[in-house]
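Take a look at the letters that make up each chain.
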Amino acid sequence: MYPLVPTAKQTFEFFLVCVRLSNVLLPINAVRLDERTNQIYVLAGEEIEVLIYPNGKVRFL
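This one's a predicted model, so the numbers in the text were calculated from it and none came from an experiment.

K.L.:
Quick one: what's the story with the pairing of strand β2 (residues 40–44), residue by residue and with numbers?
P.N.:
Consecutive side chains along a regular strand alternate between the two faces of the sheet. Here β2 shows a clear split, with I40, V42 and A44 buried on one side and none of Y41 and L43 buried on the other. Bridge count for strand β1 (residues 28–33) against β2 is five bridges, and the pairing is antiparallel. Residue pairing in the sheet places I28 in a bridge with A44 of β2. In sequence, β1 turns back onto β2 through a hairpin of six residues, with N38 there showing a positive phi of about 60°.

So this is what it looks like as structure tokens:
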């Protein structure tokens with residue numbers, strides 16, 4: 001079985017999200033690539049959650 005790899009669009013958007021979060025000095029506490037949905041989940045600070053879809057769309061929860 002091959003390891004799950006994010007899409008190029010996801011990788012680029014993940015980088016931008018990390019830069020934005022670090023600009024406001026928020027720690028990135030967790031990052032997960034969901035095997036079922038192929039979405040990247042980011043937990044920053046204590047309450048900021050970000051989903052990055054395979055097509056590169058970013059959603060702040």
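Once the structure has been displayed, the description carries forward.
K.L.:
Give a detailed account of the side chain of Q10, specifying residues and quantitative values.
P.N.:
Relative to the helices and strands, Q10 is located in helix α1 (residues 8–23). A relative accessible area of 0% means that Q10 is categorised as buried. Polar contacts involving the side chain of Q10 include one to the main-chain amide nitrogen of T7, which spans 3.0 Å. The residues touching Q10, leaving out its near neighbours within four places in the chain, are L33, N38, Q39, I40, I52, Y53, P54 and G56.

K.L.:
Explain α1 to me, and be specific about the residues and the numbers.
P.N.:
In this model α1 runs 23 Å from its N-terminal to its C-terminal C-alpha over 16 residues, within 8% of the 22 Å that 1.5 Å per residue would give. Along α1, the residues classified as buried are Q10, E13, V17, C18 and L21. Within α1, the buried residues cover an arc of 145° as seen down the axis, which keeps them to one side. Facing away from the buried side of α1 by over 90 degrees, the exposed positions are A8, F15 and N23. Each element contacted by the buried residues of α1 is listed here: β1, β2, β3 (48–52) and β4 (58–60). Immediately beyond the C-terminal end of α1, within one or two residues, lies L25, with a positive phi of roughly 60°.

Rules of the game
Residues numbered from 1 in each chain as written. Predicted model: local features only at pLDDT ≥ 70, side-chain atom pairs only at ≥ 80, totals over all residues. Heavy atoms only, no water. Buried < 20%, exposed > 50% of the residue type's maximum accessible area, 1.4 Å probe, protein only. Helix = DSSP H or I, 4+ residues; strand = E, 2+ residues; numbered from the N terminus. Pairing = 2+ DSSP bridges. Polar contact = N/O pair within 3.5 Å; in protein donor to acceptor, adjacent residues only side chain to side chain. Contact = heavy atoms within 4.5 Å. Expected span 1.5 Å × (residues − 1). Arc of directions from axis to C-beta.

In short, geometric facts, not functional conclusions.
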